[in-house]
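What follows is each chain in one-letter form.
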Amino acid sequence: MKRRVVITGVAGFIGSNLAVRLLEEGFNVIGIDNLSYGRHEQIPAGVRFLEMDIRSPKLRDVIEPDDVIFHLAAKNCISDCQENPVETSDINVTGSVSVLEAARIKKAHKVIYAETSALYEGCQKLPSNESEVSPQSFYALSKFAEMKFVEGYQRFFGVRTTGLRYFNVYGPRQDYRRTIPPVMSAFIINLLQGKRPVIYGSGQKRRDFVYVDDVNEFHLLCLQNSHTDNRTFNVGSAENYSIQEIFEQIEGILKINLEPIYKTDLPGEAQETLADIQEAKSLGWAPKIFLKEGLKRSIAYIQDLVLPQLAKEEGGLK
C-alpha cells in the first residue's frame, strides 16, 4: 500500500485537485477542512474526509507516524486579509503552528506547505528568486511568519519540510465565490453569462499564471524526491501576462465581446509577479500547459460543471 497523505484544505481549489491526482496515483488520502472556504462537493470520492479546524488539538489524533502532510489550508484572499488581520494571523500562523506541532509529536515524514508569491510584493527585481522576500500585505506577512515558524521546527525539532511559493495557480475548481474571485474564473463565468467582467485598476498589473496540473506534477516530485527536503521552491510558469491580456485571451476564445467594467484598484497587491523557476527546473520539473490550452480547459470545466450548478442555485432562489 502506498503512503498515507494528509491534505489540509482538501475542499479548496489546490487541495481538491491534489486529492484527485494522489488518488489516481494510488495514495491513501486523508482530507481535512473546516469548510469555511472550501466546498464539500469538491472533495473527491475516495478521500477519507474529516471536517476539522487545523487549530483543533484533535488534529494530532489524525496524524500518524510517517504521514506526508500537504498543508494548504489558509485564509488567502488578500482583500479579506487586509480587512481582518487578527483572523488572518490566527488561521495562517496559529493554524500552521498547530499542523507543525502535530507533525512533530506524531513523527510525520514530512510537511509540504503553501507559501505564496505574495512574499515578493515589495521586491523590485524580476524574475523573483527564492533568496529575497519583501512581504507588504497582511496576507503576505502572515505567510512570512508561517515560514519563520517552519524554520524553527526544522532547526529545533528536525521536522522535514518543503515550502511551495505558488504564483497564480488556475484551472478547474477555482473558488469563484470569493469576495474578489480569481480573475480567470470571474472573467469566464461573467462572459458566458452575458455579464460585463470587472477589472480592478487599469488592467496593466502582470501576473505569472501556472496551470494546476503542472503544480500537481511538482507536488508529486516533492513526495518522491528527497532533494526537496528543507527547501523552498517557486511554482510558476516563468511567463507573465497583464490582466487586460488575460481578458482579451478569454474573450477571443469565447468569441464574446463585452466591455469590462473598470473599478478602483485593490490595495496591497504587487504590480507585477514573475517566477524564477530555476530551482524547480533543476529537479527535472517544468510547466507543460501553456496559457491558451489552460484557458480552454478552464472554460470547458466551467461550461460543463459550474454554469449548471449556478443555474440550479439561481433557480432555487426564485
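Note that this is a predicted model, so its numbers are computed, not measured.

Visitor: Looking at this structure, I do not really get helix α1 (residues 13-24). What am I missing?
Guide: Along an α-helix, residues three or four apart share an orientation, since each turn contains 3.6 residues. Taking 1.5 Å per residue, 12 residues should reach 16 Å; α1 reaches 17 Å between its end C-alpha atoms and fits that length. A large share of α1 lies buried, amounting to nine of its 12 residues. In the core, the buried residues of α1 are packed alongside β1 (4-8), β2 (28-33), β4 (68-71), β6 (161-166), β7 (168-170) and α7 (212-224).

Visitor: It is not clear to me how the packing of helix α6 (residues 183-192) against helix α8 (residues 243-254) should be interpreted in this structure. Could you clarify?
Guide: Helix-helix packing: each pair is described by the crossing angle between the helix axes and the interaxial distance. Running from N to C, α6 and α8 point in directions that differ by 40°, and their axes come no closer than 10 Å. Classified by the angle their axes make, α6 and α8 are oblique. Between α6 and α8 the crossing geometry is right-handed. Here Val-183, Met-184, Phe-187, Ile-188, Leu-191 and Leu-192 of α6 lie close against α8, whose contacting residues are Ile-243, Ile-246, Phe-247, Ile-250, Glu-251 and Leu-254. Its residues assigned to classes, the contact of α6 with α8 comprises 11 nonpolar, no polar and one charged.

Visitor: So what exactly am I meant to see when it comes to the packing of aromatic side chains here?
Guide: Two aromatic rings are characterised by how far apart their centres lie and by the angle between their planes. Tallied over the full model, the rule gives seven aromatic pairs. Following the ring pairs from residue to residue traces out a cluster consisting of Tyr-170, Phe-209 and Tyr-211. When the ring centre of Phe-157 is taken as reference, the NZ or CZ atom of Arg-104 above it lies at 4.7 Å.

Visitor: Would you mind showing me how to read the side chain of Thr-88 here?
Guide: Its place among the elements puts Thr-88 in helix α4 (residues 85-106). Of note is the side chain of Thr-88, whose polar atom sits 2.8 Å from the backbone oxygen of Asn-84. Ignoring sequence-local partners within four residues, the contact set of Thr-88 consists of Lys-75, Cys-81, Val-93, Phe-138, Tyr-139 and Ser-142.

Visitor: Which parts of the structure should I look at to understand the sheet that holds β4?
Guide: Within a sheet, each strand pairs with its neighbour through backbone hydrogen bonds, oriented either parallel or antiparallel. Taken together, seven strands build an open sheet; the order of strands is β3-β2-β1-β4-β5-β6-β11 and the sheet is parallel. The sheet is open, and its two edges are formed by β3 (48-51) and β11 (231-235), each paired on a single side. Direction aside, the axes of adjacent strands within the sheet are offset by 15° on average. Direction of pairing for strand β5 (residues 110-114) relative to β6: parallel, over a ladder of four bridges. Paired with Val-111 across the two strands is Thr-161, which belongs to β6. Against the sheet, α1 engages β1, β2, β4 and β6, with an angle of about 165° to β1. The sheet contacts of α7 involve β1, β4, β5, β6 and β11, and relative to β6 the element is tilted by about 170°.

Cut-offs applied
Residue numbers restart at each chain and count upward from 1, following the sequence in its written direction. Under the rules for a predicted model, residues below a pLDDT of 70 receive no local features and side-chain atom pairs below 80 are neither given nor counted, while totals for whole chains, interfaces and linings still include all residues. Remark: hydrogens and water are excluded; side-chain values derive from all non-hydrogen atoms of the structure. The numbering of helices and of strands both runs from the N terminus, where a helix is a DSSP run of H or I of at least 4 residues and a strand a run of E of at least 2. Expected helix span is computed as 1.5 Å times (number of residues minus one). Type-normalised accessible area, obtained with a 1.4 Å probe on protein chains alone, sets the label of each residue: buried when under 20%, exposed when over 50%, and partly exposed for intermediate values. The contact definition used throughout considers only heavy atoms, calling two residues in contact when any of these lie within 4.5 Å. To define axes, lines are fitted to C-alpha atoms, for helices over the stretch in contact only, and angles between the resulting N-to-C directions are given on a 0 to 180 degree scale. Small angles under 35 degrees read as roughly parallel and large ones over 145 as roughly antiparallel, with 65 to 115 read as roughly perpendicular and the rest as oblique. Two helices that cross are described as forming a left-handed crossing if the nearer one is turned anticlockwise from the farther one by less than a right angle, and a right-handed crossing if clockwise. Note that Gly is not counted as nonpolar here; it falls among the polar residues with everything else outside the nonpolar set of Ala, Val, Leu, Ile, Met, Phe, Trp, Tyr, Cys and Pro and the charged set of Asp, Glu, Lys and Arg. Only Phe, Tyr and Trp rings take part, Trp by its six-membered ring, and two of them pair if their centres are within 6.5 Å. Stacked means planes under 30 degrees apart, edge-to-face means over 60, and tilted covers everything else. Criterion for a charge above a ring: Lys NZ or Arg CZ within 6 Å of the ring centre, and within 35 degrees of the ring normal. Polar contacts, as used here, are pairs of N or O atoms within 3.5 Å; protein pairs need one atom able to donate a hydrogen and one able to accept it. Residues neighboring in sequence count only if both atoms are side-chain atoms. When DSSP finds two or more bridges between a pair of strands, those strands are recorded as paired.

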